[in-house]
Amino acid sequence: MVVLALVGCQWGDEGKGKIIDYLMKDFDIVARYQGGSNAGHTVVYSGKKFRFHHIPSGILYKDKMAIMGNGMVIDCDVLKNEIEELRENGFNCKNLFISDRAHIVMPYHKQMDELEERAREKKIGTTKRGIGPCYTSKVERSGVRVYDLVNNTDISGAIEAAENRVKSFGDNISVDREGIERYCKKSRDLLKPYVCDTSLLLNEKIEEGKNLLLEGAQGTLLDIDHGTYPFVTSSTTTAGNAATGCGIGPNHIDEVMGVTKAYTTRVGEGPFPTEDHGDEGKHLLEKGAEYGTTTGRARRCGYLDMVILRYAKRVNGLTSLAVTKLDVLEGMKKVKVCIAYEKDGGEIKEIPVSFEGCKPVYEELDGWEKTFDISLTPNVREYLGFMEDTLKTKIRLASFGSGREETIELE
Ligand code: IMP
């Protein structure tokens, strides 16, 4: 039996969906522990592209269980589209289980996300999916849980609290009560077949000796505690929450795998020391098709940053790594890797609380024309070896394309 938590090491979009899809052959269950429709995983299966925002990509294995854990926030309209797309392609979703304790993104949460972002002097660049406001309601204890919706409990207190929040943006602004009623009614019918106590289910499966993969969304630097605050998402994306967000004991987690791109990207605002505005950044954007799955925004692109990866190892307790999109670096004569930051005349090797004045210090490695040719080509091996030596962490998987067959396991 193995329980593996999988986390993003950077600012999200590391290709976790693809790695999960690959790993699932060795797992019985996949459970997602935080976030909501701000996430977007694209998985190519039998030549068809599936875009997941809530449902763990492991759903594509019909004999495995896909669980949406209590730490998630669920937008029922988006979920409905995901379920419908799966059904149209022959997946009946009987292997989907949704926690009764997960929170619901209500229509007013999206309204608040818009209003709050508009009012901010320093924009965060949120996905406008209502994520921050929904987690705020949860912590404020005026949230609506899956249980509440399915059992038609009285949510007038939640609506009252929401009304007060939106009114603070202007006396003429209010929540759409009829819209809320419609949303609740259709969401109730949508959720009902899938709802259960997923913590109980997972613990039973662990006792039976099943292999469990815990799926993180976003990435380490978007974590509400450990990320580049305030330019972060509103949940704990790091491995500690894999236990809480699924309702299992932390002592069950055997391994933590970090996923990193072979370079770095970020969407939205906030610091990004290795961002490249020149030709190389453009190369990564175009060749890497770096456009958000959720919002379609062009991602900011730059070089690999080992300071970030070292930090990701520390705050997640990484036991292994998966490196994705190695092929995107093809055609670059030299590949830069940031190994430290220069600040106030000194060099720092740990992530600072503020990035102000931090300039990347680079080392240059030889680039490559082709990533894979019977096996990984020599300069790619060199690059991965450099990462392993710097991090003192084993790279288990290397990926160089979108298909399942374009991932290899390293000895
Ligand atoms: P929110 O999660 O919509 O509140 O957005 C907060 C920040 O996290 C913004 O910079 C978003 O662009 C970023 N973000 C949220 N989810 C993802 C994701 O799945 N990938 C990459 N960035 C994300």
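Located above this text is the structure these notes cover.
Residues numbered from 1 in each chain as written. Predicted model: local features only at pLDDT ≥ 70, side-chain atom pairs only at ≥ 80, totals over all residues. Heavy atoms only, no water.

Caption draft 1: Just the site of the ligand, in detail. Every one of the 15 residues lining the ligand counts as a neighbour, but Asp-13, Asn-38, Thr-127, Thr-233 and Arg-297 are closest to it. If the ligand stood free it would expose 470 Å²; the protein chains cover 97% of that surface. Across the shell around the ligand, the residue classes tally to 6 nonpolar, 7 polar and 2 charged. (Near = heavy atom within 4 Å. Areas by Shrake-Rupley, 256 points an atom, 1.4 Å probe, with all protein chains shown as cover. Nonpolar A, V, L, I, M, F, W, Y, C, P; charged D, E, K, R; others polar.)

Caption draft 2: The arrangement of the state of the cysteines in detail. With the rule as written, the count across this model stands at 0 disulfides. With no disulfide partner, Cys-76 has as its closest neighbouring cysteine sulfur the one in Cys-184, 8.4 Å distant. Cys-338 supplies the cysteine sulfur nearest to Cys-301, a cysteine that is in no disulfide, at a spacing of 16 Å. For Cys-301, a relative accessible area of 4% translates into the label buried. (Disulfide = S-S within 2.5 Å. Buried < 20%, exposed > 50% of the residue type's maximum accessible area, 1.4 Å probe, protein only.)

Caption draft 3: Examining the nonpolar core more closely. Leu-96 and Tyr-108 are the most contacted members of the largest nonpolar core, which totals 57 residues. For this core, the element with the highest residue contribution is helix α7 (residues 177-191), accounting for 5 residues. For Tyr-108, the residues in contact, after removing those within four places along its chain, are Val-144, Ala-158, Ile-159, Ala-162, Val-175 and Ile-180. Residues Val-256, Met-332, Tyr-383 and Phe-386 belong to the second largest nonpolar core, which totals 54 residues. (Core = buried A, V, L, I, M, F, W, Y, C linked by side-chain atoms within 4.5 Å. Helix = DSSP H or I, 4+ residues; strand = E, 2+ residues; numbered from the N terminus. Contact = heavy atoms within 4.5 Å.)

Caption draft 4: Quick peek at the pattern of salt bridges. Throughout the structure, instances matching the rule amount to 29 salt bridges. Across the pair Asp-13 and Arg-299 runs a salt bridge, and its minimum N-O distance is 3.2 Å. Note that Asp-13 is positioned in the loop between β1 (3-8) and α1 (16-23) and Arg-299 in the loop between α10 (279-287) and β13 (300-302), a separation of 286 residues in sequence. Since its relative accessible area comes to 25%, Asp-13 is described here as partly exposed. Lys-334 is the partner of Asp-366 in a salt bridge, and the nearest nitrogen-oxygen pair spans 2.6 Å. Of this pair, Asp-366 sits in strand β18 (residues 359-366) while Lys-334 is found in strand β16 (residues 334-343), placing the two residues 32 residues apart along the sequence. Take Lys-334: its relative accessible area is 39%, and that puts it in the partly exposed class. Several salt bridges converge on common partners, so that one network encompasses Asp-13, Lys-261, Glu-290, Arg-299 and Lys-325. (Salt bridge = Lys/Arg side-chain N within 4 Å of Asp/Glu carboxyl O.)

Caption draft 5: Local environment of the sheet that holds strand β2 (residues 29-32). The strand order β9-β7-β5-β2-β10-β1-β11-β15-β21-β22 describes an open sheet built from 10 strands, whose pairing is mixed. Two strands close off the open sheet at either side, each with one partner strand: β9 (195-196) and β22 (407-409). Of the pairings in the sheet, the one linking strand β15 (residues 320-324) to strand β21 (residues 395-399) comprises 3 bridges and is parallel in character. Bridge assignment links Val-323 to a residue of β21, and that residue is Ala-398. Relative to the sheet, helix α8 (residues 198-207) contacts β1, β2, β5 (65-68), β7 (96-99), β9 and β10 (212-215), its axis offset from that of β5 by approximately 140°. Sheet contacts for helix α12 (residues 378-391): β11 (255-261), β15 and β21; angle to β21, the most-contacted strand, approximately 150°. (Pairing = 2+ DSSP bridges. Axes fitted to C-alpha atoms, helices over the stretch in contact; angles between N-to-C directions.)

Caption draft 6: Up close: unusual backbone geometry. Cis geometry marks the peptide bond from Tyr-229 to Pro-230; its omega dihedral reads 5°. Relative to the elements of secondary structure, Pro-230 occurs in the loop between β10 and α9 (240-244). Here the phi dihedral of Asp-13 falls at roughly 60°; this positive angle occurs in a residue that is not glycine. The backbone of Ser-46 sits at a positive phi, close to 50°, despite the residue not being glycine. Residue placement: Ser-46 occurs in the loop between β3 (41-45) and β4 (48-52).

Caption draft 7: Summary view of the packing of helix α3 (residues 107-119) against helix α6 (residues 156-167). As a packed pair, α3 and α6 sit with axes 11 Å apart at the nearest point and diverge in direction by 20°. Between α3 and α6, the interaxial angle falls into the category roughly parallel. When the axes of α3 and α6 are compared, the crossing they make is left-handed. Across the interface between the two elements, Tyr-108, Gln-111, Met-112, Leu-115 and Glu-116 of α3 pack against Ala-158, Ile-159, Ala-162, Arg-165 and Val-166 of α6. A breakdown of the residues in the contact of α3 with α6 according to their chemical character gives 7 nonpolar, 1 polar and 2 charged. (Parallel < 35°, antiparallel > 145°, perpendicular 65-115°, else oblique. Left-handed = near helix turned anticlockwise from the far one by under 90°.)

Caption draft 8: Representation of α10. Of the positions making up α10, those classed as buried are Gly-281, Leu-284 and Leu-285. Buried residues of α10, seen end-on, are gathered within an arc of 100° and therefore sit on one face of the element. Opposite the buried face of α10, by more than 90 degrees, sit the exposed residues Asp-279, Lys-282 and Glu-286. The inward-facing, buried residues of α10 abut β13. (Arc of directions from axis to C-beta.)

Caption draft 9: Just the side chain of Thr-260, in detail. Tracing the chain through its elements places Thr-260 in strand β11. Thr-260 gets classed as buried once you look at its relative accessible area, which sits at 0%. In this structure, Thr-260 is in contact with Cys-9, Gln-10, Glu-14, Leu-304, Leu-309, Leu-321, Ala-322, Val-323, Thr-324 and Met-387, ignoring residues within four places of it in sequence.

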